[in-house]
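Close look at the chain arrangement
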Amino acid sequence: MRSRSLLIASILGLGSCLSADAFMCTSSSSRANLHHNDASSSLCKATSLPDLNYGLSDEEFHTWLQNQLQNAPGRNTYASTYQDSLTAIVNWRKRYRGNPSLWKRIFKKDRVIKELIESAPVIDFVKRAIDNQDDTDDDTRKKFTIIDLCSGKGYLSMFLSEILPKEKVDKFILVDKAWAIASKKTTTTLKPHHMNWDHIYGTTVDTDGEESSYFTTWPIPLFTSKQDLKDSCNQRQMTKHFFNKIDGPVIILAVHLCGTLSLKAIEMFNNNQVKLFALKPCCLPQMVYANRGDVFRIGQHEFDAKDVCSPGQFSKGNWNGPPRWHLQPRFDCWADNLFKGIDIGGSKLQQDDSEEDNGYRVSMSHHDGIKVKDDIVIQVDGGFQNTYIFAERDPVTLAIWER
């Protein structure tokens, strides 16, 4: 519909900072954001999916969600995060009521539960960070901008938009190669290779017959940005038009980043004025880098590709390669090298290693900041990608790091 296209165009043209794709290079190609982790798959199969549009009240749906997650890894550690997130899912359901096809596309039970389980440590980190910012500091009084790298449909930002205080967060920027370019002239029609964004920019009709956009219903706005992190042009443009123009602290979230995309996320943190950083690395780099004899360099750290590359890969959701448990030592080495490459200022860092009830923690601090590598047991049923890496630049928010 023409009115729908005009409404999307008007949303995406709200301003030079918000409609950031207007500044971006347009040469990046599309990439489906596929996640290949083995996150607690068994618990998602316990209960058949009811008729979510008509069969349950919102209260009954909330109870059903709680039952689905009662045995989830980390359920006790992140109890408040799970409760907040379940309320967020109920809010999504209310938002899309009257549009069952959109709701069924967004709420694929196993996918949403998996995203919540694996994102819970990051949601908890961001919430504690923002809740505990010093309101007397000029910089932290300004609203945060949160950049969600390789966002996929944006589930992580969708959770956080419902959970975080809107008086402290200005917007989310969902960065993914599979989005269409968000500008007035090119967003009227999505092509087959584009990721569907109707859950963000789509329209609905109220009881009075007035057309409105889902965009305005999110507590904290969600903006999409088509970017290829491996394209150096896109990286430079993001620095120029995001990091150099945003007035306020920036958080980078990088969950489920496959292969060398984790390196690109760390480079983005190292090379820009970013306050907080959260990374959950995913698949290992492919063997092409090892076969070429490449050396990976990030920050002040470098390491041989042959020590971390994987001889197998996923194809359409199926693993082709040696038994995956053989790769755990390589993944541990990969995560350790990623952690060492994060630059929080200077080379003289104080390190502290400690065993915890839910895993193993390594922290390194400097007068310019702190970084932590946590082993948080979230993946089960053969999954081993349980490393979460967090960093903050000075001034350090102690409440984030104290356990």
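Everything numeric here is computed off the predicted structure, so don't read it as measured data. The written sequence of each chain sets the order in which its residues are numbered from 1. In keeping with the predicted nature of the model, local features appear solely for residues at pLDDT of at least 70, side-chain atom pairs appear and are counted solely at 80 or more, and the whole-chain, interface and lining totals rest on all residues. As a rule here, side-chain values cover all heavy atoms of the structure and leave hydrogens and water aside.

Check the secondary structure of the protein chain and you find twelve helices and 15 strands. To sort residues, take the accessible area from a 1.4 Å probe on protein chains only and compare it with the maximum for the residue type: under 20% means buried, over 50% means exposed, and anything in between is partly exposed. Of all 403 residues assigned to the protein chain, the portion counted as buried reaches 54%. The criterion used for residue contact is that any of the two residues' heavy atoms lie within 4.5 Å. Within the protein chain, counting contacts between residues at least 6 apart in sequence, those at least 24 apart form 71% of the total. Exposure was quantified through the Shrake-Rupley algorithm and a 1.4 Å probe, taking into account, for residues, occlusion by the shown protein chains and nothing else. With the model as given, the accessible surface of the protein chain reaches about 17600 Å², and the carbon-plus-sulfur share is 47%. The numbering of helices and of strands both runs from the N terminus, where a helix is a DSSP run of H or I of at least 4 residues and a strand a run of E of at least 2.

Residues Ile89, Trp92 and Val126 are the most contacted members of the largest nonpolar core, which totals 67 residues. Top contributing element to this core by residue count: helix α5 (residues 109–131), with eleven residues. If we ignore the near neighbours within four places in the chain, the residues touching valine 126 are Ile146, Leu160, Leu164, Ile251 and Leu253. Here the nonpolar core consists of buried residues drawn from Ala, Val, Leu, Ile, Met, Phe, Trp, Tyr and Cys, with membership extended through side-chain atoms lying within 4.5 Å.

If a residue is not glycine, its phi is most likely negative; likewise, a peptide bond is most likely trans. Look at the link from aspartate 394 to proline 395: it is a cis peptide, with omega at 0 degrees. Locating proline 395 in the fold gives a position in the loop between β15 (387–393) and α12 (398–401). For cysteine 150, which is not glycine, the phi torsion reads 50 degrees and is therefore positive. Mapped onto the fold, cysteine 150 is located in the loop between β1 (144–149) and α6 (155–163). The phi angle at histidine 256 is positive, at roughly 65 degrees, despite the residue not being glycine. By the secondary structure assignment, histidine 256 is in strand β6 (residues 250–257).

Moving on: the environment of aspartate 374. In this structure, aspartate 374 sits in strand β14 (residues 369–375). In the structure, aspartate 374 is positioned twelve residues away from valine 362 in sequence and 6.5 Å away in space, judged by C-alpha atoms.

At a closest axis distance of 10 Å, the pairing of helix α2 (residues 58–68) and helix α3 (residues 79–95) adopts a crossing angle of 140 degrees. When the axis of α2 is compared with that of α3, the two are oblique. Between α2 and α3 the crossing geometry is right-handed. Contact residues: α2 offers Asp58, Phe61, His62, Leu65 and Gln66, while α3 offers Gln83, Leu86, Thr87, Ile89, Val90, Arg93 and Lys94. Residue polarity follows a fixed list, in which Ala, Val, Leu, Ile, Met, Phe, Trp, Tyr, Cys and Pro are nonpolar, Asp, Glu, Lys and Arg are charged, and the others, Gly among them, are polar. Within the contact of α2 with α3, the residues separate by chemical class into five nonpolar, four polar and three charged. For helices, the axis comes from a line fit to the C-alpha atoms of the stretch in contact; other axes are also lines fit to C-alpha atoms, and the angle between any two N-to-C directions lies between 0 and 180 degrees. Angles are sorted into four bins: roughly parallel if under 35 degrees, roughly antiparallel if over 145, roughly perpendicular if 65 to 115, and oblique for all others. Handedness of a crossing follows from how the near helix is turned relative to the far one, being left-handed for an anticlockwise turn of less than a right angle and right-handed for a clockwise one.

With that out of the way, let us pick up α6. Among the nine residues that make up α6, nine are buried, leaving the element largely enclosed by the rest of the structure. For α6, the complete set of buried residues consists of Tyr155, Leu156, Ser157, Met158, Phe159, Leu160, Ser161, Glu162 and Ile163.

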